[in-house]
Amino acid sequence: MDAFVYGEKRALPAAFDEFTTREATAAISIDLHQGHLSADPDCPCPAPRAREVVDGVNAFHAEARRLGVPVVHVRSELRPGGVDDVNGTPSAWRMTFPLYVGEIPNADAHAIRGSRWTEFVTEVAESDHIVSGKKRLSAFYPTDLDFLLRNMGVKRVVLTGCMADCCVLNTAFDASNLGYRVTVLSDLVRGTDAALEAAALVMVSLHLGVVTTSADLVAEWDRQG
């Protein structure tokens, strides 16, 4: 199968089958909810570039379901009142990110449990799994994602969502450190900007796992019968 190594597409050696085998794999979508993707001016943490991947993620998930690969949707979710963030120890991004993008109106409403900002934009099938309670930059912290994956017998994860240079990258590091084989789909993640997106994908390809496209991965899964 072809993959990107430092941005250059090349054929993977046979040893990388342990990353691309369909068996014991889960597709994990990160933070594709209204709190990032809404075009409403009140959107508390806008990631407008990520709107570009919604249709592609839906199509990839449909292929994953067809082939028996479980789909997991992860979302950020904070307690009402903000005790686990704005009124506790605020997430670092709340201080650092505005230095670049400017003040983020309504940021205190980001990911509040029960609000419309936690509603998924992507399609969620009855057979899919939802992991809520992501409170920082990794889909594993402090959620039950690892517990769920191990109970499902998952050894490999395929990551999509936003942002490539933030939550996707942090999740990839945690997944690799926990012993999972990691694949990131370059066409189904978006970063803060194109440069940071490319940098994140390069880091994944050098240190964490496989960077490829959804079309190439699905073709590989189909080839495996």
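As recorded in an unreviewed UniProt entry, the protein goes by the name Cysteine hydrolase, listed as coming from Chelatococcus sambhunathii.

**Observations concerning the overall build of the protein**
Counting its secondary structure elements, the protein contains nine helices and eight strands. In terms of C-alpha radius of gyration, the protein reaches 17 Å, essentially the compact-globule figure of 17 Å for 225 residues. Taken along the three principal axes of its C-alpha coordinates, the protein extends 50 × 35 × 30 Å. Look at the contacts in the protein between residues 6 or more apart in sequence, and 76% of them connect residues 24 or more apart. Counting every atom, the protein has about 10200 Å² of accessible surface; 53% of that belongs to carbon and sulfur.

**A look at helix α3 (residues 54-66)**
With 13 residues, α3 extends 18 Å from end C-alpha to end C-alpha; this agrees with the ideal 18 Å at 1.5 Å per step. Every buried residue belonging to α3 is among Val54, Val57, Asn58, Phe60, His61 and Ala64, and all of these are buried. Projected onto a plane normal to the axis of α3, the buried residues spread over an arc of 165° and lie on a single side. Residues of α3 that are buried make contact with β3 (25-30), α2 (34-37), β4 (71-76), β6 (156-162), β7 (181-190) and α9 (214-223). Positive backbone phi, at 80°, marks glycine 68, one or two positions downstream of α3.

**A few points about the sheet that holds strand β8 (residues 209-212)**
The parallel open sheet is built from six strands, whose spatial order is β5-β4-β3-β6-β7-β8. At either end of the open sheet lies a strand with only one pairing partner, and these are β5 (129-134) and β8. For this sheet the average axis-to-axis angle between neighbouring strands, irrespective of direction, equals 25°. Relative to β8, β7 runs parallel, the two sharing four bridges. The residue bridging valine 182 from the neighbouring strand is glycine 209, located in β8.

**Some words on the side chain of threonine 213**
Tracing the backbone shows threonine 213 in the loop between β8 and α9. One polar contact links the side chain of threonine 213 to the main-chain amide nitrogen of aspartate 216, over a distance of 3.1 Å.

**Details of the packing of helix α7 (residues 164-177) against helix α8 (residues 194-207)**
Closest axis-to-axis distance for the α7/α8 pair is 9 Å, and the angle between their directions is 15°. Between α7 and α8, the angle is such that the two are roughly parallel. In the crossing of α7 with α8, the sense of the turn from one axis to the other is right-handed. Contact residues: α7 offers Ala164, Asp165, Leu169 and Ala172, while α8 offers Leu196, Glu197, Ala200, Met203 and Val204.

**With respect to the environment of methionine 163**
Here methionine 163 lies in the loop between β6 and α7. Placed 11 residues apart in sequence, methionine 163 and aspartate 174 show a C-alpha to C-alpha distance of 15 Å. With residues near it in sequence (within four places) discarded, methionine 163 still touches Ala47, Phe97, Val168, Leu169, Arg190, Gly191 and Thr192.

**Some points on the packing of α3 against α9**
Closest axis-to-axis distance for the α3/α9 pair is 11 Å, and the angle between their directions is 10°. Here α3 lies roughly parallel to α9, going by the angle between them. Residues Phe60, Glu63, Ala64 and Arg66 of α3 lie in contact with α9, whose contacting residues are Ser214, Leu217, Val218, Trp221 and Asp222. Tallied by class, residues from the contact of α3 with α9 come to five nonpolar, one polar and three charged.

Rules used in this analysis
- Residues numbered from 1 in each chain as written.
- Predicted model: local features only at pLDDT ≥ 70, side-chain atom pairs only at ≥ 80, totals over all residues.
- Heavy atoms only, no water.
- Helix = DSSP H or I, 4+ residues; strand = E, 2+ residues; numbered from the N terminus.
- Rg over C-alpha atoms; globule rule 2.2 N^0.38 Å.
- Contact = heavy atoms within 4.5 Å.
- Areas by Shrake-Rupley, 256 points an atom, 1.4 Å probe, with all protein chains shown as cover.
- Expected span 1.5 Å × (residues − 1).
- Buried < 20%, exposed > 50% of the residue type's maximum accessible area, 1.4 Å probe, protein only.
- Arc of directions from axis to C-beta.
- Pairing = 2+ DSSP bridges.
- Axes fitted to C-alpha atoms, helices over the stretch in contact; angles between N-to-C directions.
- Polar contact = N/O pair within 3.5 Å; in protein donor to acceptor, adjacent residues only side chain to side chain.
- Parallel < 35°, antiparallel > 145°, perpendicular 65-115°, else oblique.
- Left-handed = near helix turned anticlockwise from the far one by under 90°.
- Nonpolar A, V, L, I, M, F, W, Y, C, P; charged D, E, K, R; others polar.

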